[in-house]
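Each chain is listed here by its residues.
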Amino acid sequence: MSDDPQPQKPTEGWAAPAEPEAAEPGPPTEGKKPKRPKRTGLRRLLPTWRMVLGAFVICTMVLAALFFLGYSMVKIPPANALAMKQSNVYLYADGTEIARDGEVNRENVTLAQISKPAQHAILAAEDRDFYTESAVDPKAMLRAGWNTALGKGKQSGSTITQQYVKNYYLAQEQTVTRKVKEFFIAIKLDRETSKDEILEGYLNTSFFGRNAYGIQAAAQAYYGIDASELTAGQGAYLAALVNAPSQYDVTAHPENQKAAESRWNYVLDGMVDKGWLPPSERTGMKFPAPKETSGADTGMSGQRGYLVRAIKDELIRGGIVDEKSLDTGGYRITTTLQKKKQDAFVDAVNDQLMSKLDKNKRKVDGYVRAGGASVDPKTGKVVAMYGGIDYVKQYTNNATRRDFQVGSTFKPFVFTSAVENDSSTQDGRRITPNTIYDGSNKRPVQGWSGGAYSPENEDDGDYGDITVREATDKSVNSVYAQMAVDVGPAKVKRTALDLGLPADTPELQPYPSVALGVATASVLDMAEAYATLANHGKHGPYTMIEKVQRGGTDVDVPKRKTSQAVSREAADTTTSVLRSVVENGTATKALKADRPAAGKTGTAEEDTAAWFAGYTPDLATVVSVMGQDPVTAAHKSLYGVMGLDRINGGGAPTQIWAQYTKEALKGTPVRDFDLDVEEGSLESVAPPAQPSQAQSSPNTQEDPATNRPSDSTPSTGGGTTTSGGPTTGGGASQGTATGGTATSGATSDGATGNTSDGGATGDTSDGGATGETTADGGTATDGGAATAGGGTPGAPGGTGP
């Protein structure tokens, strides 16, 4: 065995390292990826698909995050102020529109109050897939933006929901911020609100031109009808207006007629395509030309302003609507006013008064104002009102103002109080229509401790002994001043309030002068009181409000309550006396109404106002002609108006009343009064047989400070005679009642001898009348003519007929 080292036998699995050799090309080794070739040239500038995909994912995530962030941050805001503004709509009893008020001409209605054709027309014009699409349409928005960028005009890709959001919640500015808010609010609104509610809101907020916001206002403005009455053709035209309100108003811009008709046809064709309009109905449909002027005149000229102001006052005063809510608008007020009667009232004033004035010829004609009110006695509903010549020219409502004396129209309240309180004269005689009083001019009032008071009669008429009925016919101040004291001035005031005069009526004080009408109640106040007499003593406050709605919901209107203010006997006995005034006294011109009528004339101190308050069984109406300086607003006498010496109650006021009443009741049955008069009212109540002290010189003087008399002179209770023989200038000769025939001077419209025209001789047709039965049963006849008296105004505190 050799001593040299022996090679070791390799263990199993071991191999000697191989010598490195050059790599030979061949197929890639299994399991290894080949290297990507480097990008060269322009390819280096283009993003890889991995980059694009990554960017898309990142952008999507960012947009989603922004969307959810915006959705969570943007809240549905309250409605903007403009969207909340509405006009109040005032309607006659038959639904005819009187006027609208408010800065924004809008009246919200429910979807059910808009005709289906009109609804479909709007959808066809603005958003045909409204009920099936989402709240926003990105494709439409992109398309609109692209077309706008290409110069095809500003276009909107907004859905109806988006447009509603813009109208109702946001402003109209074209900014990115507003568009972003609109986008998110529309999505939220669509999730929280029904499609019907959104469409209803859209139709109530869209602008249609002619200052009409909302489809109801538009229907009135263009066609004078409610939205519920719109036809397919009319609805299509209104739908066309939404796109360009000013451009497509063919009345204002007739040069755009073809463009408007083209848009109208586009809307109708869309309705046919969607199955909303039968092709047969579409064929031959003619363009529905709108009214030349607005059917809903928002102006307040003419009578509209007076009526609206009076209606508002009643709403607020009655607690139906507070003033702040009324200013916000949205109320639909149906009134008791009747258009036919309202028009008749205006015509009567124009025919009997305004047409006869000549301001250029007579300065005093420029002072004339008129007021009137007409009430249904049974319901208290005001059916007509005349406020003045024009609300724009004369702001003050002459029917509701309380600054002119009512004159002798107050006298019936004194007599009513006498009957109601079973009052007696100073010498113990019960007061009835035939109770005899001393009607001497300036006769001192007896039984009053407040100071001397000796009122003048109209034109200083001196009547001597006269019945209450005759004293009412001739409006004798001395008789009624004494009667007020006999009854008790406080009781007289109480009766006036019970009949309907407001407690705060100026100058309604418990003094003898109250009988002569120194109180300054309004025409409407007096109409309420006379309506109570016409309704047999049953009183309820007048009302002009029939129904009030807001947003289709009824607003509670308090029910009118009535009560027996005075007994039927008191009211009916007064009516019987006032019938005599029309038939025999100062108001004979009221007979031209061709209706049984009762009433009383009145003249304010210094002839600053002339009144007639009258009624038939169906209608109580009061008319007043007033004098006021248009510059200083001072009360002015009406001497010389229309070229006449004077205007008194039996003239223009009664003539207006007669024409109006005849026309207002035209076509209705003629009804007579059904009266239940006081027992004994047809019997004469003569004073005790003693010499009359009417002509004695009392030791009293009138206190100018109080205008009230003292009771230093004992009461005479009137004289013992009836008038006999002809009289001139109002003087009545005295004699004893013999049971034969006594004659009485004829009068008209005031004191004896003063005709309604201020200067003509009285006769049976215009003042003369068959006299009353005397105490002894003899018949008094018209036996003498009375020449006209002058135009002397009444004494302080006293008023004429």
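From a predicted model like this one, the values you see are computed outputs, not experimental measurements.

1. A short note on the pattern of salt bridges
Considering all chains together, one arrives at 31 salt bridges under this definition. For Asp129, the salt bridge is made with Lys274, and the minimal N-O distance between the two is 3.2 Å. Within this pair, whereas Asp129 is found in the loop between helix 3 (116-126) and helix 4 (138-149), its partner Lys274 is found in the loop between helix 10 (257-273) and helix 11 (279-282), the two being separated by 145 residues in sequence. Judged by relative accessible area, Asp129 falls into the partly exposed class, the value being 39%.

2. Digging into unusual backbone geometry
Among all residues save glycine, negative phi is the norm, and among peptide bonds the norm is trans. Its identity as a non-glycine residue notwithstanding, Asp422 has a phi of 50 degrees, on the positive side. By the secondary structure assignment, Asp422 is in the loop between helix 15 (411-420) and strand 8 (436-438). Phi angles above zero are rare outside glycine, and Asp460 is one such case at about 60 degrees. Tracing the backbone shows Asp460 in the loop between strand 8 and strand 9 (465-467).

3. Re a nonpolar patch on the surface
On the surface, Leu53, Phe56, Val57 and Met61 cluster together into a nonpolar patch covering about 420 Å² of accessible area. Residue placement: Met61 occurs in helix 1 (residues 49-73). Since its relative accessible area comes to 57%, Met61 is described here as exposed.

4. Comments concerning helix 18 (residues 489-499)
For helix 18, every residue scored as buried is listed here: Pro489, Val492, Thr495, Ala496, Leu497 and Leu499. Looking at the buried residues of helix 18, the elements they touch are helix 15, helix 17 (477-487), helix 19 (523-534) and strand 10 (538-539).

5. Re the sheet that holds strand 12 (residues 553-555)
Sheet architecture is open: 5 strands sit in the order 2-1-5-11-12, paired in mixed fashion. The outermost strands of the open sheet, each flanked by one partner alone, are strand 2 (97-101) and strand 12. Strand-to-strand twist in this sheet, taken as the mean axis angle between neighbours without regard to direction, amounts to 25 degrees. Sheet topology note: the strand 1 (residues 88-91)/strand 5 (residues 331-335) ladder contains 3 bridges and is parallel. The residue bridging Tyr90 from the neighbouring strand is Ile333, located in strand 5.

6. As for the packing of aromatic side chains
Summed over the entire model, instances satisfying the criterion amount to 15 aromatic pairs. Judged by centre distance (6.0 Å) and plane angle (80 degrees), the ring pair of Tyr222 and Tyr237 falls under edge-to-face. Of the two residues, Tyr222 sits in helix 8 (residues 215-223) while Tyr237 sits in helix 9 (residues 232-243), which places them 15 residues apart along the sequence. Neither Tyr222 nor Tyr237 differs from the other in exposure class; each is buried. The interplanar angle of 75 degrees and the centroid separation of 5.1 Å between the aromatic rings of Phe410 and Phe413 together place this pair among those described as edge-to-face. Look at Phe410 and you get buried, because its relative accessible area is 0%. Residue class for Phe413 comes out buried when judged on its relative accessible area of 0%. Aromatic ring contacts, followed pair by pair, group Tyr222, Tyr223, Tyr237, Trp264 and Phe287 into a single cluster. We note Lys195 situated over the ring of Phe130; from NZ or CZ to the ring centre the distance is 4.7 Å. When the ring centre of Trp264 is taken as origin, the NZ or CZ atom of Arg282, which lies over that ring, is 5.9 Å away.

7. Describing the sheet that holds strand 6 (residues 368-375)
What holds strands together in a sheet is hydrogen bonding between their backbones, with the strands either parallel or antiparallel. Judged by pairing direction, the sheet is antiparallel, and its 5 strands sit side by side in the order 7-6-16-15-14 without closing on themselves. Looking at strand neighbours, the two that pair on one side only are strand 7 (382-386) and strand 14 (598-603), the edges of this open sheet. In this sheet, adjacent strand axes meet at a mean angle of 5 degrees when their direction is disregarded. Where strand 15 (residues 609-615) and strand 16 (residues 620-627) come together, 7 bridges link them in antiparallel fashion. Residue pairing in the sheet places Ala613 in a bridge with Val622 of strand 16. Set on the sheet, helix 14 (residues 339-352) makes contact with strand 6, strand 7 and strand 16; between it and strand 7 the angle comes to about 30 degrees.

8. A short note on the environment of Ile215
Mapped onto the fold, Ile215 is located in helix 8. When the C-alpha positions of Ile215 and Val242 are compared, they lie 10.0 Å apart, and in sequence the two are 27 residues distant.

9. Description of the nonpolar core
In this structure, Phe410, Phe413 and Met483 are the most contacted members of the largest nonpolar core, which totals 123 residues. The biggest single contributor to this core is helix 19, with 9 residues. Contact partners of Phe413, with chain neighbours within four places excluded, come to Thr495, Ala496, Leu499, Leu501, Met526, Ala529, Tyr530 and Leu533. The next biggest cluster of nonpolar side chains, apart from the first, holds 52 residues, and it includes Leu203, Ala218, Leu238 and Met285.

What counts as what
Position numbers for residues start from 1 in each chain and track the written sequence from start to end. Per-residue local features are limited, in this predicted model, to residues with pLDDT of at least 70; the limit for side-chain atom pairs, both in listing and counting, is 80 or more; totals at the level of whole chains, interfaces and linings are taken over all residues. Hydrogens and waters are ignored; side-chain quantities use all the structure's heavy atoms. We define a salt bridge as a contact between a side-chain nitrogen of Lys or Arg and a carboxyl oxygen of Asp or Glu at a distance within 4 Å. Each helix corresponds to a stretch of at least 4 residues labelled H or I by DSSP, and each strand to a stretch of at least 2 residues labelled E; elements are numbered beginning at the N terminus. Think of it in three bands: with a 1.4 Å probe and only protein chains considered, a residue is buried below 20% of the maximum accessible area for its type, exposed above 50%, and partly exposed in between. Excluding any residue in a salt bridge, patches collect residues exceeding 30% relative accessible area, merging like charges within 9 Å and nonpolar Val, Leu, Ile, Met, Phe, Trp and Tyr side chains within 5 Å. Here the Shrake-Rupley method, with its probe set to 1.4 Å, supplies the accessible areas, and only the displayed protein chains count as covering residues. In this description, contact between two residues means that some pair of their heavy atoms is separated by no more than 4.5 Å. Pairs of strands are assigned from DSSP output, requiring at least two bridges between the strands. Only C-alpha atoms enter the line fits that serve as axes; for helices the fit covers just the stretch in contact. Angles between N-to-C directions range over 0 to 180 degrees. The criterion for an aromatic pair is that two Phe, Tyr or Trp rings (for Trp, the six-membered ring) have centres within 6.5 Å, with stacked assigned to planes under 30 degrees apart, edge-to-face to planes over 60 apart and tilted to the rest. Charges are assigned to positions over rings by a cutoff of 6 Å between ring centre and Lys NZ or Arg CZ, combined with an angular limit of 35 degrees from the ring normal. Take the buried Ala, Val, Leu, Ile, Met, Phe, Trp, Tyr and Cys residues and link them wherever side-chain atoms come within 4.5 Å; each set so joined is a nonpolar core.

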